[in-house]
Amino acid sequence: MIRKNPSGDLPVVAQSAFVDPTAILCGKVFVGENVFIGPYAVIRADEVDASGGMEPIVIGDNSNIQDGVVIHSKSGARVEIGDNTSIAHRSIVHGPCKVGRNVFIGFNTVLFNCEVGDGSVVRHNSVVEACKVPANFYVPSTSHVNSDEDLARIEPVTADASSFSEDVAQTNVRLVQGYKKIQNEL
């Protein structure tokens, strides 16, 4: 469902993107080319800051927002998901937040008030908040990262983790193409 927010902003979705009919996109949301937005995802840009302004939620080209993902932002802050990035099932991205290009965010992970650098992998059931994860880092499953001390223990992303991330992104681009072909069928 595509709907306006109370400020009157309506999502803008690229023609080549696929948004599952059960997903909700509300407000100042920009969805790039070949993006896949899965069932029951919720992407809401509807809160304003103290002066009544609002930054957008931007989903970069060839990215995928999988089943049950929630993307929202506090007080009108910007959320940006880079190109070729995967946000896996049931994750929460709560802004302000910037997720770089070619990033993989694992199942049930929470990102809040943070930046995740290009090429990084944050595995399943992790929490990343109030910090900047540098490019090409690997955050293991069930990690809680919210300080420079936590970041000092993070290792560079491995070739296997990077390959997995690329495979997930490519699989979802193929899904977009398949769903776009059948979207008007009964």
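Each remark here, short or long, concerns the structure printed above.
The model shown is predicted, which means the values in this text are computed figures rather than measured ones.

Enquirer: In this structure, what is going on with the pattern of salt bridges? I would like to understand it.
Expert: Between side chains of opposite charge, a pair can form when the charged atoms approach closely. Within this structure, the stated rule accounts for five salt bridges. Close ionic contact of Arg101 with Asp83 constitutes a salt bridge, the shortest N to O distance being 3.0 Å. Residue Arg101 is found in the loop between strand 13 (92-99) and strand 14 (104-105), and its partner Asp83 is found in the loop between strand 11 (79-81) and strand 12 (86-87); the two are separated by 18 residues along the sequence. Judged by relative accessible area, Arg101 falls into the partly exposed class, the value being 41%. Across the pair Lys132 and Glu115 runs a salt bridge whose closest N-O atoms are separated by 4.0 Å. Within this pair, whereas Lys132 is found in strand 18 (residues 132-133), its partner Glu115 is found in strand 15 (residues 110-116), the two being separated by 17 residues in sequence. The exposure class of Lys132 is exposed, given its relative accessible area of 58%.

Enquirer: Explain the side chain of Gln66 here, please?
Expert: Within the fold, Gln66 resides in the loop between strand 9 (64-65) and strand 10 (70-73). Judged by its relative accessible area of 6%, Gln66 is buried. Within the local environment of Gln66, its side chain forms a polar contact with the side chain of Asn64, the two groups lying 2.8 Å apart.

Enquirer: Even after reading the chapter, I still don't get the pairing of strand 13, so can you show me in this structure?
Expert: Along any regular strand the residues' side chains alternate between the sheet's two faces. Where strand 10 and strand 13 come together, four bridges link them in parallel fashion. Within strand 13, the position partnered with Val70 by the bridge is Ile92.

Enquirer: Help me understand the side chain of Asn64 in this model?
Expert: Mapped onto the secondary structure, Asn64 falls in strand 9. A distance of 2.8 Å separates the side chain of Asn64 from the side chain of Ser86, its partner in a polar contact.

Conventions adopted
Starting afresh in each chain, residues are numbered from 1 along the sequence in its written order. Where local features are concerned, this predicted model is filtered to residues with pLDDT of at least 70; where side-chain atom pairs are given and counted, the filter is 80 or more; whole-chain, interface and lining totals use all residues. The side-chain quantities take in all heavy atoms of the structure and omit both hydrogens and water. Salt bridge, as applied in this entry: a Lys or Arg side-chain nitrogen positioned within 4 Å of an Asp or Glu carboxyl oxygen. For helices the rule is a DSSP run of H or I covering at least 4 residues; for strands it is a run of E covering at least 2, with both sets numbered from the N terminus onward. Three labels apply to residues, based on accessible area from a 1.4 Å probe with only protein chains included: buried if under 20% of the type maximum, exposed if over 50%, partly exposed otherwise in between. Under the rule applied, a polar contact is a pair of N or O atoms within 3.5 Å (in protein, one hydrogen donor and one hydrogen acceptor; residues adjacent in sequence only if both atoms are side-chain atoms). Paired strands, in this sense, are two strands between which DSSP finds at least two bridges.

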